Amino acid sequence: MVSIKKLKEKAFLDVEFLSRKLKNPIIIAASPLTERVEMIEKLISCDVGAIVIKTIQLDCQKTHEKGFIKKYNNGLINSTTYSEDDLSAWISKLKLIKNADRIIASIYSTSSKRIIHAINCLSEVGIQDVELSISCPSDSDCQVFNPLKIYGIMKEITLNCKANIIIKISAIDDFVNKAKAAIDGGASAICISDSIPVVKVDLNSKSLEGSCIIGYSGSPIKPIVQRAIYELIKHKVKVPIIGVGGISCLEDVLEYLHLGCCAVQICSWPLVEGYKVINELIIQLNDWCLKNNTRITDIIGTIKD
Ligand SMILES: Cc1cc2nc3c(=O)[nH]c(=O)nc-3n(C[C@H](O)[C@H](O)[C@H](O)COP(=O)(O)O)c2cc1C
C-alpha cells in the first residue's frame, strides 16, 4: 500500500479548465490505469487535477481483444484499444466513485447519434467534460475521421449536447486541419496526442508485432508531440490545448505548460512506475511554484518564439 503525502504549504496550482477550475494541471490520461474504480479512487487520493477514464467504445458490434503492452526503446508499445466495459457498465461504475467531479469521460464511436446518447447518459451521473478519442492507432476505423467528418460530427454533438467536448487527436496526420475542423464544429479543447502509430518487426516470426499498426508512447514521443503543439499555436488554435506524451518528470510538465498547454495528461510513466510517481510529481510542482514565487497560470504560454 503506497502512503500518499499531502502538501504542507500550498502554492497556486489551480488552472482554468473549460467551465471550471482544476486543483492542478496534472491529469491522468485514458489508459489501463483508469479502468477500475479502486485505481481511479487511488489516483483521486493523489490529488490529481482530473482523470480521464479508459475509452468507452460505443459501436457495439466490435469485439474487445485484450492486446499487448511492452517496454520498447525507452517507451511502450501497445496494441490495446478500448475499455472492456460498455456504457451501462461504466454508468454503474461512475455512480460508485466519490469526487466524480474530477472525472472526464472518454468515448469513441463513428456515429454522432451514439455519441449524443452517451453524452446525455453521462451527464445524468454528473459528467460535464467528455473527451472524444478518435485516434486509436490499433483501430483502423479511426481513419474515417478526416477534417470533414470531424466537423460534421462535432457540429451535431454541440447542437444536441451541453457537455464540454475535448477532441483527442494524434500528433501526426493532418493534425492542424483536424483541430481546426473540431473547433469550427464547436469543440471546447484539443487534447494531443494519443499514442503514435508505429509498426514493430518481430524477426523471430518475421511478422509485425500485433499483426498491425500499434501505438508508441512514453519519453521518445515527447518532442514529436511538442512540435505538433507548437504548430497548433502557430496556426492560432484558439481553444485550450492539453499536452500528452512522454511526461516522466517535473521538467517535462513545465515544458508543456511554457509551450502553451493549459494542462497535461500522463499515462506511460505511472503505468510503468506505479501511481506513487504522480503524488511525488504534484509535490514537486507545488515546491517549484513556492520556490519561484509563481502561480502555474503565470507560466502558461510564456515561451519566447
Ligand atoms: C496501454 C495504453 C492504453 C491506452 N488506452 C487509451 C485509451 O483507451 N484511450 C485513449 O484516448 N488513449 C489511450 N492511450 C493513450 C494515452 O492516453 C496517451 O495519449 C499516450 O500514451 C501518450 O501519453 P504518454 O506518453 O504519457 O503515455 C493508451 C496508452 C497506452 C500506453
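Description of the structure in this document. (Residues numbered from 1 in each chain as written. Predicted model: local features only at pLDDT ≥ 70, side-chain atom pairs only at ≥ 80, totals over all residues.)

1. Comments concerning the site of the ligand
Here is step 1 of the chain: Close to the ligand lie 28 residues; A29, A30, S217, C267 and S268 are nearest.
Here is step 2 of the chain: Elements with a minimum of two residues in the shell around the ligand: β7 (75–78), β15 (214–218) and α8 (268–273).
Here is step 3 of the chain: Looking at the shell around the ligand, its residues break down into 12 nonpolar, 13 polar and three charged. (Near = placed C-beta within 6 Å. Helix = DSSP H or I, 4+ residues; strand = E, 2+ residues; numbered from the N terminus. Nonpolar A, V, L, I, M, F, W, Y, C, P; charged D, E, K, R; others polar.)

2. As for the nonpolar core
Here is step 1 of the chain: I27, I51, I190, I192, I242 and V264 are the most contacted members of the largest nonpolar core, which totals 90 residues.
Here is step 2 of the chain: With residues up to four places along the chain from it excluded, the contact list for V264 reads P25, I26, I27, I242, G243, V244, I247, V253 and Y256. (Core = buried A, V, L, I, M, F, W, Y, C linked by C-beta atoms within 7 Å. Buried ≥ 20, exposed ≤ 12 C-beta atoms within 10 Å, placed from the backbone. Contact = placed C-beta atoms within 7 Å.)

3. Description of the pairing of strand β17 (residues 263–266)
Here is step 1 of the chain: Burial of the side chains of β17 extends over both faces: A263 and Q265 are buried on one face and V264 and I266 on the other.
Here is step 2 of the chain: Relative to β17, strand β3 (residues 26–28) is paired through three bridges, and the arrangement is parallel. Across the sheet, I27 pairs through a bridge with Q265, a residue of β17.
Here is step 3 of the chain: Pairing of strand β16 (residues 241–244) with β17, which is carried by three bridges, proceeds in the parallel orientation. Counterpart to V244 in the pairing with β17 is Q265.
Here is step 4 of the chain: A crossover connection joins β16 to the parallel β17 through helix α7 (residues 250–259); in handedness this β-α-β unit is right-handed. (Pairing = 2+ DSSP bridges. Right-handed = clockwise from strand over helix to strand, strands pointing away.)

4. Looking at the sheet that holds strand β12 (residues 196–198)
Here is step 1 of the chain: Strand order in the open sheet formed by four strands is β6-β7-β15-β12, with antiparallel pairing between adjacent strands. Strand pairing shows two members of the sheet lacking a second neighbour, β6 (69–72) and β12, which therefore form its edges. Taking the axes of each pair of neighbouring strands and ignoring which way they run, one obtains an average angle of 35° across the sheet.
Here is step 2 of the chain: Where β12 meets β15, three bridges bridge the pair, whose relative direction is antiparallel. If you follow I196 over to β15, its bridge partner there is Y216. (Axes fitted to C-alpha atoms, helices over the stretch in contact; angles between N-to-C directions.)

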